[in-house]
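In case you want the letters, here they are:
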Amino acid sequence: MKLYYHPLSGHAHRARLFLSLLGQQAELVEVDLAARAHKAPDFLKLNPFGQLPVLDDDGTIIADSNAILVYLAKKTGAKDWLPEDPQGAAAVQRWLSVAAGEIAYGPCAARLVTIFGARFDADEVIARAHVILQRIEAALESRQWIAADHPTIADVALYSYIARAPEGNVDRSAYTNINAWLKRVEALPGFVAFQKTAIGIPEAA
Ligand SMILES: N[C@@H](CCC(=O)N[C@@H](CS)C(=O)NCC(=O)O)C(=O)O
């Protein structure tokens, strides 16, 4: 298996993290975003959207981070990570949608401003980040994991951009439930960290 990724991409980290949690070996192929290698013809053959991550499983090409999580869970029969019962599957999908929506337009976008110079309104995306963080904080009030009584791909999908939200100047210090949940994710066997930068609000050790 090959994972086309970039060390500062949270979408790519999401896929890398799940591979590692599953104990799956994958060759990491770094795509040079600065050189726009993700828009080059060879890469566009893998993903016409010109986005990371992309998984190549012996010629089966899967683009989109959440699609990769679903593919890997199904391929490896990891039913705990992606329950098959209607209610369990819906609970996971609900948070995959949040990862692709509110997280992308909130903490992910805030970090794109500080790290990649994206031209979003910083105040607006930081405010959006706090709206979704408050909702996740409330959801974690009565539970350890976001979608079930055990970790699922919903936790994996949410983790990376919430963990690095301070890099986008999103202050996470008041969200005690979220901070405890991040530590639970980080304690999972096979956890692999998302590279930190010195940008934004310094994180507590
Ligand atoms: N929905 C996609 C979004 C992926 C995404 O936005 N990737 C970024 C890197 S973090 C990217 O490749 N951006 C380049 C672009 O959109 O042109 C996914 O979940 O994989």
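As a starting point, this report considers the structure included with it. (Residues numbered from 1 in each chain as written. Predicted model: local features only at pLDDT ≥ 70, side-chain atom pairs only at ≥ 80, totals over all residues. Heavy atoms only, no water.)

On to the site of the ligand. Inspection of the region around the ligand gives Ser-9, His-11, His-38, Lys-39, Gly-50, Gln-51, Leu-52, Pro-53, Asp-64, Ser-65 and Tyr-161 as its neighbouring residues. Here an oxygen atom of the ligand sits 2.6 Å away from a polar atom, N or O, in the side chain of Lys-39. Within the backbone of Leu-52, a nitrogen or oxygen atom sits 2.9 Å from an oxygen atom of the ligand. Considered on its own, the ligand offers 510 Å² of accessible surface; in the complex 73% of this is hidden by protein. Residue composition of the shell around the ligand, by class: three nonpolar, six polar and two charged. (Near = heavy atom within 4 Å. Polar contact = N/O pair within 3.5 Å; in protein donor to acceptor, adjacent residues only side chain to side chain. Areas by Shrake-Rupley, 256 points an atom, 1.4 Å probe, with all protein chains shown as cover. Nonpolar A, V, L, I, M, F, W, Y, C, P; charged D, E, K, R; others polar.)

To continue, consider unusual backbone geometry. Between Leu-52 and the following residue, Pro-53, the backbone shows a cis peptide bond with an omega angle of -5°. Relative to the helices and strands, Pro-53 is located in the loop between helix H2 (41–46) and strand E3 (54–57). In this structure, Arg-36 is a non-glycine residue whose phi angle is positive, near 60°. The topology assignment puts Arg-36 in the loop between strand E2 (27–30) and H2. Its identity as a non-glycine residue notwithstanding, Asn-169 has a phi of 65°, on the positive side. Mapped onto the elements of the fold, Asn-169 is located in the loop between helix H7 (153–163) and helix H8 (176–186). (Helix = DSSP H or I, 4+ residues; strand = E, 2+ residues; numbered from the N terminus.)

A word on the nonpolar core. Judged by nonpolar contacts, the single largest core of 56 residues is most densely connected at Ile-136, Leu-158 and Trp-181. Residue assignment for this core shows that the elements contributing at least two residues are strand E1 (2–5), helix H1 (10–21), helix H3 (65–76), helix H4 (86–100), helix H5 (102–116), helix H6 (122–139), H7 and H8. Sort the elements by how many residues they give to this core and H7 lands first, with nine residues. Split by domain, this core shows at least three residues from each of two domains, domain 1 (2–76) and domain 2 (86–186). Beyond its immediate sequence surroundings of up to four residues, Ile-136 is in contact with Trp-95, Ile-103, Ile-146, Leu-158, Ile-162 and Ile-178. Ranked by size, the runner-up nonpolar core spans five residues in total, among them Val-31, Phe-43, Leu-52 and Val-54. (Core = buried A, V, L, I, M, F, W, Y, C linked by side-chain atoms within 4.5 Å. Buried < 20%, exposed > 50% of the residue type's maximum accessible area, 1.4 Å probe, protein only. Domains from an automatic or database assignment. Contact = heavy atoms within 4.5 Å.)

Before going further, it helps to examine the environment of Trp-181. In this structure, Trp-181 sits in helix H8. Separated by 41 residues in sequence, Trp-181 and Leu-140 have C-alpha atoms that sit 7.9 Å apart. Apart from residues lying up to four places away in sequence, Trp-181 is in contact with Leu-140, Gln-144, Trp-145, Ile-146, Asp-155, Leu-158, Tyr-159 and Ile-162.

The next thing to look at is the sheet that holds E2. Strand order in the open sheet made by the four strands is E2-E1-E3-E4, with mixed pairing throughout. Each edge of the sheet is formed by a strand with only one pairing partner; in this case those strands are E2 and strand E4 (60–63). Neighbouring strand axes in the sheet, compared pairwise and without regard to direction, differ in orientation by 20° on average. Summarising the sheet, E1 and E2 pair through four bridges and their orientation is parallel. Counted as the bridge partner of Tyr-4 is Val-29 from E2. Where H1 meets the sheet, its contacts fall on E1, E2 and E3, and the angle it forms with E1 comes to roughly 155°. Taken strand by strand, H3 contacts E1, E3 and E4, and its axis lies near 30° from that of E3. (Pairing = 2+ DSSP bridges. Axes fitted to C-alpha atoms, helices over the stretch in contact; angles between N-to-C directions.)

Another aspect to go through is H3. Spanning 12 residues, H3 covers 17 Å between terminal C-alpha atoms, matching the ideal 16 Å at 1.5 Å per step. Along H3, the residues that are buried comprise Ser-65, Asn-66, Ile-68, Leu-69, Tyr-71, Leu-72 and Ala-73. Structurally, H3 contributes buried residues whose contacts are with E1, H1, E3, E4, H4 and H7. (Expected span 1.5 Å × (residues − 1).)

Let us now look at the side chain of Asp-57. Mapping Asp-57 onto the fold places it in strand E3. A distance of 2.5 Å separates polar atoms of two side chains, one belonging to Asp-57 and the other to Tyr-71. A polar contact of 2.8 Å, which involves the side chain of Asp-57, links it to the side chain of Lys-75. Beyond its immediate chain neighbours, meaning those up to four positions away, Asp-57 contacts Met-1, Tyr-71 and Lys-75.

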